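What the coordinates show
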Amino acid sequence: MTKKDLTNSIVERKNVINNTIALPEIYKAIGFAGIMFEKKYRFTKSQLENFYEVESRTIERLLSNHEEELKESGYEVINSDRLREFKQVALSSNLSDFTQKDKDSISTSPVLGIFTFKAFLNVGMLLAESERARQVRSLILDIIIDVLNQKAGGHTKFINQREEQYLLAAMDEFSYREKFTNAIDKFIAKNSFKYSQLTDKVYKSIFKEDAQEYKKILKLKVKESVRSTFYSEILRVVSDYENAFAKELERAFEVKKEKLSLSEAHQLFNDFAVRAEDMMEASINDARSKMASRDLVFRDALHTKLEEYVKEISEDDFDKFFGEQSMALEKRLEQNEDVFKRLKDR
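In this text the structure is predicted, and so the values were computed from the model without any measurement.

**Details of empty space enclosed by the protein**
With the rule as written, the count across this model stands at one cavity of 30 Å³ or more. In this structure, the largest cavity encloses a volume near 110 Å³. Around the largest cavity sit 11 residues that line it, and Lys-4, Glu-12, Leu-141, Ile-144 and Val-297 are the ones nearest its centre. Looking at the lining of the largest cavity, the elements that each hand over two or more residues are α1 (10–17) and α9 (131–151). Taken together, the residues that form the lining of the largest cavity break down as seven nonpolar, two polar and two charged.

**Brief notes about the packing of helix α6 (residues 80–91) against helix α7 (residues 100–107)**
The contact between α6 and α7 brings their axes to 10 Å, and the two run at 160°. Here α6 lies roughly antiparallel to α7, going by the angle between them. Of the two elements, α6 crosses α7, and the hand of that crossing is left-handed. Contact residues: α6 offers Phe-86, Lys-87, Ala-90 and Leu-91, while α7 offers Lys-103, Ile-106 and Ser-107. Counted by class, the contact of α6 with α7 contains four nonpolar, one polar and two charged residues.

**Quick word on the pairing of strand β4 (residues 112–116)**
Across the five residues that make up β4, a large majority, five, are buried. The alternating pattern of β4 places Leu-112, Ile-114 and Thr-116 on one face and Gly-113 and Phe-115 on the opposite face, and all of these are buried. For strand β2 (residues 40–44) and β4, the ladder comprises three bridges, and the chain directions are antiparallel. The residue of β4 that forms the bridge with Arg-42 is Thr-116. Relative to β4, strand β3 (residues 76–78) runs antiparallel, the two sharing three bridges. Bridge assignment links Val-77 to a residue of β4, and that residue is Gly-113.

**Looking at the nonpolar core**
The nonpolar side chains of a soluble globular protein tend to be buried with one another. By size, the foremost hydrophobic cluster in this structure holds 88 residues, and its most contacted members are Ile-26, Tyr-52, Phe-120, Leu-121, Phe-230, Tyr-241 and Phe-298. Top contributing element to this core by residue count: helix α13 (residues 232–256), with nine residues. Apart from residues lying up to four places away in sequence, Leu-121 is in contact with Ile-17, Leu-23, Ile-26, Ile-30, Tyr-52, Val-136 and Ile-140. Of all hydrophobic cores here, the second largest spans 10 residues; its members include Phe-37, Ile-78, Ala-90 and Ile-114.

**Quick word on the packing of aromatic side chains**
The way to describe two aromatic rings as a pair is by their centre distance and the angle between their planes. Within this structure, the stated rule accounts for 28 aromatic pairs. Consider the rings of Phe-298 and Phe-322, whose centres lie 5.2 Å apart with planes at 75°: the pair is edge-to-face. You can see Phe-298 sitting in helix α15 (residues 281–298) and its partner Phe-322 sitting in helix α16 (residues 315–322), a full 24 residues away along the chain. Classification of Phe-298 as buried rests on a relative accessible area of 3%. The structure contains a cluster of three or more aromatic residues connected by ring pairs, namely Tyr-27, Phe-32, Tyr-41, Phe-43, Phe-51, Tyr-52, Phe-117 and Phe-120. The residue whose ring lies beneath Arg-132 is Phe-51, and the NZ or CZ to ring-centre distance is 4.7 Å.

The rules behind the values
- Counting restarts for each chain: residues are numbered from 1 in the order of the written sequence.
- Local features are withheld for residues below a pLDDT of 70 in this predicted model, meaning they are given only at 70 or higher, and side-chain atom pairs are given and counted only at 80 or more; totals for whole chains, interfaces and linings count all residues.
- Hydrogens and water are ignored here; the side-chain numbers use all heavy atoms of the structure.
- Each cavity reported here is a set of points on a 1 Å grid over the protein atoms alone in which a 1.4 Å probe fits but cannot get out, each pocket an open set with protein on both sides within 12 Å along at least five of seven lines, and each lining residue one with an atom within 4 Å of a point.
- Grid points are joined across faces, edges and corners, and a volume is the space filled by probe spheres set on the points.
- Secondary structure is summarised from DSSP: a helix means a run of H or I of at least four residues, a strand means a run of E of at least two, and numbering begins at the N terminus for each.
- Residue polarity is assigned by list, with Asp, Glu, Lys and Arg as charged and Ala, Val, Leu, Ile, Met, Phe, Trp, Tyr, Cys and Pro as nonpolar; anything else, Gly included, falls into the polar class.
- Axis lines are fitted through C-alpha atoms, for helices just across the contact stretch, and the angle between N-to-C directions can take any value from 0 to 180 degrees.
- Angles below 35 degrees are treated as roughly parallel, those above 145 as roughly antiparallel, those between 65 and 115 as roughly perpendicular, and all remaining angles as oblique.
- Should the near helix be turned anticlockwise from the far one by less than a right angle, the crossing is termed left-handed; should it be turned clockwise, right-handed.
- Only heavy atoms enter the contact rule, under which two residues are in contact if any of them lie within 4.5 Å.
- Burial status follows relative accessibility: with a 1.4 Å probe on protein chains alone, a residue under 20% of its type maximum counts as buried, one over 50% as exposed, and anything between as partly exposed.
- The rule for pairing is simple: two strands pair if DSSP sees at least two bridges between them.
- Buried residues of nine kinds, namely Ala, Val, Leu, Ile, Met, Phe, Trp, Tyr and Cys, make up a nonpolar core once their side-chain atoms join them within 4.5 Å.
- In this scheme Phe, Tyr and Trp rings, the latter by its six-membered ring, pair at centre separations within 6.5 Å, and the angle between planes marks the pair as stacked below 30 degrees, edge-to-face above 60, and tilted otherwise.
- Remark: a charge is flagged as sitting over a ring if the NZ atom of Lys or the CZ atom of Arg is within 6 Å of the ring centre and within 35 degrees of the ring normal.

Written as structure tokens, this is what we have:
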């Protein structure tokens, strides 16, 4: 398992906060009840002090040093009508962990800072000096791995195939890949290594790893296809890249009036890659970011050459691969059986 330090990494903390699939299980496992207000569990500063066994000034220091992050995860200060409504709900609650001190702090406050469950966890991920917070961080990481594996049917290696857009992207990629290999066949002199070497150059240009490096990181078996693990966005970028280079090969062949040697094809690719880095900069950087970020969270796989591209995973991404619209590829193939029949007839 990739070592994650939640206290030092805002990206890792946001990945926890955005993981709407695992949050309900984390809430149940922690077993510290919040006050249901406006359809969300809320916690007061006094409750956080009791749970994490820290002093008030410790929470205040976190609020000062990480104000923007904690606000984004759900911390807010309420007053006036909302505070009166919250007081009514909180003071009438029968939570076993809700002490008289907690009630007193609410009833006498003209303004009140409250934390959603996400903000409650955010505090726990920032509190390096609290033993209870350390236990929460350990629990979070264990539950996230278990929940994601369970949702993916134990096969996070092919979690990419659960996305709704994967099937269409894979079909398009198959067509473009054929154009690429046909171009290599038609425009480069016979050589046993030309397909694998040029494919590796495409991979290294886009995500800085050749096929063997990628397989090692994802722990793929010898016969498992690299491309079968690509996310739809990666497939599209690879397809565009290979399609563009296939056209370069054809133009070079027409100029030379004969097939290129493999060394000439390598030089042609090197020149093309420099231009492609500029022309496709946005899509290539997006592909690097999605591969590095999703693999780190979904597959517990670290692409060291892409570490600078790691970003937090959005709630939409968790829903895309683990939510109601996601499903195993086999099931999606069954649902699209009529589409495949029409394509075959055409």
